[in-house]
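Report on the structure
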Amino acid sequence: MISLKGKTIFDFCKDKKMLGEIIDCEEKEIDDYKEYYEGCSQLVIMRDIRLYALRMHDTELFKAAEKAYVEAKEAWRKMVMEAEAEGFEID
C-alpha cells in the first residue's frame, strides 16, 4: 500500500487548475496557499487526496487515503473525547 505519511495533495497533483478545484483555492493563489495547507488537519489532507484519487481513477491511492482518513478521524474523535473529559469543548 502507498505510504501517505507526510504527504499532501501537492505531492500527487501538479495540475494547478485541478488543485484549485479540489482544495477550493484560486489557481493564482495556490503557491501562497501551499504552506498554510500543509498545516491543515490530516482529515482535510486525506479528504483531498481521496478526491484527487477518485478523479484520477487511482484505486490504490484512494484505498491508502481512505485508510489514512479513517485513522485520522479516529484520532480526532479520541482527542475530542479526552478534551471533553477535561472540560474543554472542541467543535
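Just above, that's the structure.
First, a word on scope: everything that follows refers to the structure included in this document.

**Section: the packing of aromatic side chains**
Tallied over the full model, the rule gives 3 aromatic pairs. Each ring, one from F10 and one from Y37, has its centre 5.4 Å from the other, and the planes form 70°; the classification is edge-to-face. Separated by 27 residues along the polypeptide, F10 in the segment before α1 (16-23) and Y37 in helix α2 (residues 30-37) bring together distant segments of the chain. Each member of the pair F10 and Y37 is classed as buried.

**Some details on the environment of E66**
Checked against the element boundaries, E66 lands in helix α4 (residues 59-85). Along the primary structure E66 and Y37 are separated by 29 residues, whereas in three dimensions their C-alpha atoms are 19 Å apart.

**Some words on unusual backbone geometry**
Not every positive phi belongs to a glycine, and D24 is a case in point at roughly 60°. Assignment of secondary structure puts D24 in the loop between α1 and α2. Although it is not a glycine, H57 adopts a positive phi angle of roughly 60°. By the secondary structure assignment, H57 is in the loop between α3 (42-56) and α4.

**Examining the packing of α3 against α4**
Between α3 and α4, the shortest axis-to-axis distance is 8 Å and the interhelical angle comes to 160°. Relative to α4, the element α3 lies roughly antiparallel. Relative to α4, α3 is oriented so that their crossing is left-handed. Residues Q42, L43, M46, R47, I49, R50, Y52, A53 and L54 of α3 lie in contact with α4, whose contacting residues are L61, F62, A65, E66, A68, Y69, A72, K73 and W76. Split into classes, the residues belonging to the contact of α3 with α4 amount to 13 nonpolar, 1 polar and 4 charged.

Quick notes on the rules
Residues numbered from 1 in each chain as written. Predicted model: local features only at pLDDT ≥ 70, side-chain atom pairs only at ≥ 80, totals over all residues. Heavy atoms only, no water. Phe/Tyr/Trp six-rings, centres within 6.5 Å; stacked < 30°, edge-to-face > 60°. Helix = DSSP H or I, 4+ residues; strand = E, 2+ residues; numbered from the N terminus. Buried < 20%, exposed > 50% of the residue type's maximum accessible area, 1.4 Å probe, protein only. Axes fitted to C-alpha atoms, helices over the stretch in contact; angles between N-to-C directions. Parallel < 35°, antiparallel > 145°, perpendicular 65-115°, else oblique. Left-handed = near helix turned anticlockwise from the far one by under 90°. Contact = heavy atoms within 4.5 Å. Nonpolar A, V, L, I, M, F, W, Y, C, P; charged D, E, K, R; others polar.

Everything listed is a geometric property; what it means functionally is a separate question.
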